[in-house]
Amino acid sequence: MKSIKLLFFMLFFGQLGFSGQLQVVATYGYIGDIAQRIGKDKVEVVSLARGDYNPHIIIPKPSYIAKMRKADLLIINGGQLEIGWLPQIIKQANNGAVQPGERGFLDLSMHVHLIDVPTSVSRELGDVHPEGNPHFFMDPDNIPIVAKAITERLSELDPDNQAFYEENNKEFYALWQQKMKTWEEKLKPFKGVKVVEYHKIFDYFLDRFGFVIAGTIEPLPGIPPTTKHIADVEKLIDREKVQFILQDVYNPQDAALYLSKKLNIKLLILPHDVGAVKEADNVFSVFDEIVRRLTNG
Ligand SMILES: [Zn+2]
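Per chain, the residues get numbers from 1 upward, laid out in the order the sequence is written. A pLDDT threshold of at least 70 governs which residues receive local features in this predicted model, and a stricter bar of 80 or more applies before side-chain atom pairs are shown or counted, although totals over entire chains, interfaces and linings include all residues. Excluded from the side-chain calculations are hydrogens and water; all other atoms, namely the structure's heavy atoms, are used.

A. View of the coordination of the zinc ion. Note that water is not among the atoms considered, so a metal site may appear incomplete; the donors listed are N, O and S atoms within 2.8 Å of the metal, with 3.2 Å applied to Na, K and Ca. For the zinc ion, the full set of protein donor atoms is His56 (NE2), His129 (NE2), His135 (NE2) and His199 (NE2), at a range of 2.0 Å. Considering all four donor atoms around the zinc ion, the spread of angles at the metal, 106 to 114°, places the coordination shape in the tetrahedral class. All donors of the zinc ion come from a single chain, and their spacing in sequence reads H-x72-H-x5-H-x63-H. Each of the two residues, His129 as well as His135, counts as buried. Here a site with four donors is tetrahedral if all angles are between 85 and 135 degrees, and a site with four or six donors is square planar or octahedral if opposite donors are over 155 degrees apart and the other angles are between 65 and 115; anything else gets the irregular label. Relative accessibility decides the category of a residue: with a 1.4 Å probe and only protein chains considered, values under 20% of the type maximum give buried, values over 50% give exposed, and everything between is partly exposed.

Here's what the structure looks like:
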């Protein structure tokens, strides 16, 4: 009898422990980090994509399907950033709770303003930003918006802990605003500074702090440069008095290195997500590190 009671006890609390902690799957590290800061011990968060990989081209691992299968909430960046790798995982996991349109599916791009949305329906061949620039995470002002959307969704799925999530969000917001002041202060001297970037991945950041994007090494997002295009960028850098070439951690660096050497301008490799470089191990330090690299450059 005693052992049966114990069994019931274990089952009951085992059950509580399971359903009490929301299982959250985030596509990228930055999303996972924010979800963890809002949900704390009430959530178990896994982030799928490695931060030092091209976010457009993630190679899915079989373990992703297992994680998706037991998820209560799937949070995606959206704006077609995951289009090349996520749909097949969602399909194979066959978890009704996290299908698009369900409460267990949160698309963050629906909560922010996307830039570079094409006005014409005809998409140029191969452009990986057909719905606009999906790298909105790079605008630090979008982070509190994302955190609020996550807070609301966690509260909806787990209303008993709504006050807890809201309190954590408030705390996060206050810390973020403090950091914003520091970043703004440090980047003040960079207003109007012209840069060239490899992929259109830092646009939100550059716009936010008043840099001028003179051009990109990719002729179109996702399309590698031709010799002719590199020659055009070379002329542009010279003509426009570009001060920095900015490059992500995952694209080939040969064109940027060539231009940097030839024209004697600084090439900076910047993180684009949590885990892109070892110093950028959370959502705060991604921006700390970008600012540090820019101001040291
Ligand atoms: Zn992109």
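B. Structural detail: helix H10 (residues 283-296). Working definition: helices are DSSP H or I runs of at least four residues, strands are E runs of at least two. Numbering for both runs from the N terminus. In a helix, the anticipated span is given by 1.5 Å times the number of residues less one. Taking 1.5 Å per residue as the helical rise, H10 with its 14 residues ought to reach 20 Å, and the 20 Å between its terminal C-alpha atoms agrees with that figure. Of all 14 residues making up H10, ten are buried, and the element is well covered by its neighbours. Within H10 the residues assigned to the buried category are Val283, Phe284, Ser285, Val286, Phe287, Glu289, Ile290, Val291, Arg293 and Leu294. Among the structural elements, helix H2 (29-39), helix H5 (142-157), helix H6 (162-187), helix H7 (203-208), strand S7 (244-247) and strand S8 (266-269) are those in contact with the buried residues of H10. The N-cap residue of H10 is Asn282: its side-chain oxygen and the backbone nitrogen of Phe284 are 2.8 Å apart. In this analysis, two residues are considered to be in contact whenever any of their non-hydrogen atoms come within 4.5 Å of each other. Counted as a polar contact is a pair of N or O atoms within 3.5 Å, where, for protein atoms, one must be capable of donating a hydrogen and the other of accepting one, and residues adjacent in sequence contribute only when both atoms are in side chains.

C. Spatial organisation of the domain arrangement of the protein. Structurally, the protein comprises domain 1 (2-181) and domain 2 (186-296). When each unit is reduced to the centre of its C-alpha atoms, the spacing between domain 1 and domain 2 is 28 Å. Summed over both sides, the interface of domain 1 with domain 2 buries roughly 2,700 Å², with 65% coming from carbon and sulfur. When two parts are brought into contact, each loses some accessible area as probed by a 1.4 Å sphere; the total of that loss over both is the buried area. The three residues of domain 1 that bury the most area against domain 2 are Gly51, Phe137 and Met138, which together make up 22% of that side's buried surface. Source of the domain bounds: an automatic or database domain assignment.

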